[in-house]
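# Structure at a glance
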Amino acid sequence: MMDAEERDLFAKSLQQATAQHTGAALDAALDDIGWRDALAGDAQAAVSTLFELQGAAGTTSSALDDVVVAALGVEAARDVAAVLPPLGAWAPAGAARDGDTLEVRGLGTAGMRTRHRAVVVARAGGGEVAAVVDTGALDLRTARGLDPRLGLVEVAGDRLPAAARTDLAPTTWQAAVAAGQRAVAHELVGASRAMLELARVHALERVQF
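Residues numbered from 1 in each chain as written. Predicted model: local features only at pLDDT ≥ 70, side-chain atom pairs only at ≥ 80, totals over all residues. Heavy atoms only, no water.

### Notes on unusual backbone geometry
Its identity is not glycine, yet Arg 159 carries a phi of approximately 50°, on the positive side. Considering the arrangement of structural elements, one finds Arg 159 in strand β7 (residues 153-161). Taking the relative accessible area as the measure of exposure, Arg 159 reaches 62% and is therefore exposed. (Helix = DSSP H or I, 4+ residues; strand = E, 2+ residues; numbered from the N terminus. Buried < 20%, exposed > 50% of the residue type's maximum accessible area, 1.4 Å probe, protein only.)

### Observations regarding the environment of Leu 146
Take Leu 146: it is sitting in the loop between β6 (139-142) and β7. Accessibility expressed as a relative area gives 31% for Leu 146, which makes it partly exposed. The spatial distance from the C-alpha of Leu 146 to the C-alpha of Ala 176 is 23 Å, given a sequence separation of 30 residues. The contacts of Leu 146, once residues within four sequence positions are left out, are Leu 87 and Leu 152. (Contact = heavy atoms within 4.5 Å.)

### Here's the deal with the environment of Ala 183
Structurally, Ala 183 can be placed in helix α6 (residues 172-205). Classification of Ala 183 as buried rests on a relative accessible area of 0%. A sequence separation of 65 residues divides Ala 183 from Ala 118, and the C-alpha atoms of the two residues are 19 Å apart. Setting aside chain neighbours within four positions, we find Ala 183 in contact with Val 47, Phe 51 and Leu 64.

### Focus: the pattern of salt bridges
Evaluated as defined, the whole model comprises 11 salt bridges. Residue Arg 97 pairs with Glu 103 through a salt bridge whose shortest N-O separation is 2.7 Å. When its relative accessible area of 43% is taken as the criterion, Arg 97 is described as partly exposed. Take Glu 103: its relative accessible area is 26%, and that puts it in the partly exposed class. As a salt-bridge pair, Asp 158 and Arg 105 come within 3.0 Å of each other at their nearest N and O atoms. With a gap of 53 residues between them, Asp 158 in strand β7 and Arg 105 in strand β3 (residues 101-108) connect regions that are remote in the sequence. Looking at Asp 158, the relative accessible area reads 47%, which means it is partly exposed. With relative accessibility at 42%, the residue Arg 105 sits in the partly exposed group. (Salt bridge = Lys/Arg side-chain N within 4 Å of Asp/Glu carboxyl O.)

Next up, the structure:
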């Protein structure tokens, strides 16, 4: 856990990074700051600080992948993305098929195009499993109808090899979804505060004619 002085310095570093960078450049800045180390040591501070600043600045990163991957307890490496549920859903995006293969229909952040591996959570029998697959085996298409600056992609794949899959505890997927929802909620808080401040300044400074 970070103490007050460390948290203040951490927040200032993130504020500078989110004000100056977005996308892949922000991902690189987060690596330099050590945000992923902070996520492992003090997840609440790391998530709330970064995502509220992202929302306020209107910038994006692949940090949501790291939040979900960490909550799944899968190898939390910089190179691993997470296949998220499709829009409007919360169930796992994958399903186990005959043999050791999976199929998946889900959503991904911009990190899905830059990271070499992705975690797929799939329904298997009465439970759920997690498998790490090569992103090169996935069909990625730009998600339409959303702000293109988000870089969201539709993720699809059939007969994905999943021999090295891990059985998940009954509540693991729900915990991962909740972690992702908390991160996005912090981002919305940051965006709402920025919009409120813009409205306040406009009301004070406008000149009626």
